[in-house]
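What follows is the residue order along each chain.
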Amino acid sequence: MAQDTPKDNTGFILPAPASAPPAADAPAASAAASIAMTEAAPALDPASTTDTSSRDTLVGGVVLLLLFIAFFFAKNAYANGLVAKRVPPNKANASGWWLFIFLASLATGVVLAAVNAHKFLAPLFMGPLVLVGLVALLLTFTSSRR
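These lines cover the structure that appears in this document, whether it is placed above or below. (Residues numbered from 1 in each chain as written. Predicted model: local features only at pLDDT ≥ 70, side-chain atom pairs only at ≥ 80, totals over all residues. Heavy atoms only, no water.)

Remarks on the overall build of the chain
Counting secondary structure elements, the chain contains 6 helices and 0 strands. Reading the helices (α) and strands (β) of the chain from amino to carboxyl end gives α-α-α-α-α-α. Across the 146 residues of the chain, 19% fall into the buried class. Taking all contacts inside the chain whose residues are at least 6 apart in sequence as the whole, residues at least 24 apart take part in 64%. (Helix = DSSP H or I, 4+ residues; strand = E, 2+ residues; numbered from the N terminus. Buried < 20%, exposed > 50% of the residue type's maximum accessible area, 1.4 Å probe, protein only. Contact = heavy atoms within 4.5 Å.)

This is the structure:
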C-alpha cells in the first residue's frame, strides 16, 4: 500500500506487542496473570459496583409522565370522535376516561418492566395492572354504546 494516497485509513493504530517473557518463567507468569484476572474481574464489573436503580426509576417516571400527557390528549380526541358519531357526550367522556386508564395501566406495566424486570415482572405487580387494563378496555367499548 502506498502511504501517499489520500484514501489510506491511518486513524487507529494498534500498539506494538510487549516483549515476551523468558521461556522458563512463562508458565508461572501465565498462572499469575490468570489468578490476577479472576480476582480483578468482579471489581471491573460496572453492574456490581454502580447502583443505577434510582436513576432508572427517575427516567421511567419521566417517561411515564410524558406518556400520561399524550394519553390525555388521545382520550380527548377519542371522546370527541365519539361525539361526532352521535354518542351522548357523557358516555363519550366516560369511554375516553376508560381508554385513558387502559393505556395508563399498559404503559405502567411496560415502564416497570423496563426499569427493573426482575422485581416488577412478578405476578404481584403485573396481575393487578393486567386486570385493571382488561376491565378498562372492556368498559371503553361498552360505555361508548348509544
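Examining the nonpolar core
For soluble globular proteins, the rule of thumb is that nonpolar side chains tend to be buried together. Counting 9 residues, the largest nonpolar core is built from Leu64, Phe71, Leu99, Phe100, Phe102, Leu103, Ala107, Val111 and Ala136. Elements represented by at least two residues in this core include exactly helix 3 (53–84) and helix 4 (89–115). The element that contributes the greatest number of residues to this core is helix 4, accounting for 6 residues. (Core = buried A, V, L, I, M, F, W, Y, C linked by side-chain atoms within 4.5 Å.)

Quick notes on the packing of helix 4 against helix 6 (residues 123–142)
Axis separation between helix 4 and helix 6 bottoms out at 8 Å; the angle between their running directions is 155°. Here helix 4 lies roughly antiparallel to helix 6, going by the angle between them. Relative to helix 6, the crossing made by helix 4 is left-handed. Contacts between helix 4 and helix 6 pair Ser95, Trp98, Leu99, Ile101, Phe102, Ser105, Thr108, Gly109, Leu112 and Ala113 from the former with Met126, Leu129, Val132, Gly133, Ala136, Leu137, Leu139 and Thr140 from the latter. Of the residues contributing to the contact of helix 4 with helix 6, the split by class is 12 nonpolar, 6 polar and no charged. (Axes fitted to C-alpha atoms, helices over the stretch in contact; angles between N-to-C directions. Parallel < 35°, antiparallel > 145°, perpendicular 65-115°, else oblique. Left-handed = near helix turned anticlockwise from the far one by under 90°. Nonpolar A, V, L, I, M, F, W, Y, C, P; charged D, E, K, R; others polar.)

Thoughts on the side chain of Thr140
Positionally, Thr140 belongs in helix 6. Look past the residues within four positions of Thr140 in its chain and what remains in contact with it is Tyr78, Ser95, Trp98 and Leu99.

Here's the deal with the packing of aromatic side chains
Using the criterion set out here, one finds 5 aromatic pairs in the structure. Ring centres of Trp97 and Phe100 lie 5.6 Å apart, and the angle between their planes is 80°; on these two criteria the pair is classed as edge-to-face. With Trp97 and Phe100 both in helix 4 and 3 residues apart, the pair spans about one turn of that helix. For Trp97, a relative accessible area of 36% corresponds to the partly exposed category. Residue Phe100 is classed as buried on the basis of its relative accessible area of 16%. An aromatic cluster of three or more residues is present, and its members are Phe68, Phe72, Phe73, Trp97 and Phe100. (Phe/Tyr/Trp six-rings, centres within 6.5 Å; stacked < 30°, edge-to-face > 60°.)

Digging into helix 3
Helix length check: helix 3, at 32 residues, gives a terminal C-alpha distance of 46 Å against a target of 46 Å (1.5 Å per residue), a fit within 8%. Taken as a whole, helix 3 has its buried residues at Gly60, Leu64, Phe71, Lys75, Ala79 and Leu82. Turning to helix 3, the residues buried within the fold contact helix 4. Looking one or two places after helix 3, you find Arg86, whose phi comes out positive at around 75°. (Expected span 1.5 Å × (residues − 1).)

Details of a nonpolar patch on the surface
A contiguous nonpolar surface patch, about 630 Å² in accessible area, is contributed by Leu58, Val62, Leu65, Leu66, Ile69 and Phe73. One can find Leu65 in helix 3. Overall, the relative accessible area of 52% leaves Leu65 in the exposed class. (Patch = residues over 30% accessible without salt bridge, like charges linked within 9 Å, V, L, I, M, F, W, Y side chains within 5 Å. Areas by Shrake-Rupley, 256 points an atom, 1.4 Å probe, with all protein chains shown as cover. Salt bridge = Lys/Arg side-chain N within 4 Å of Asp/Glu carboxyl O.)

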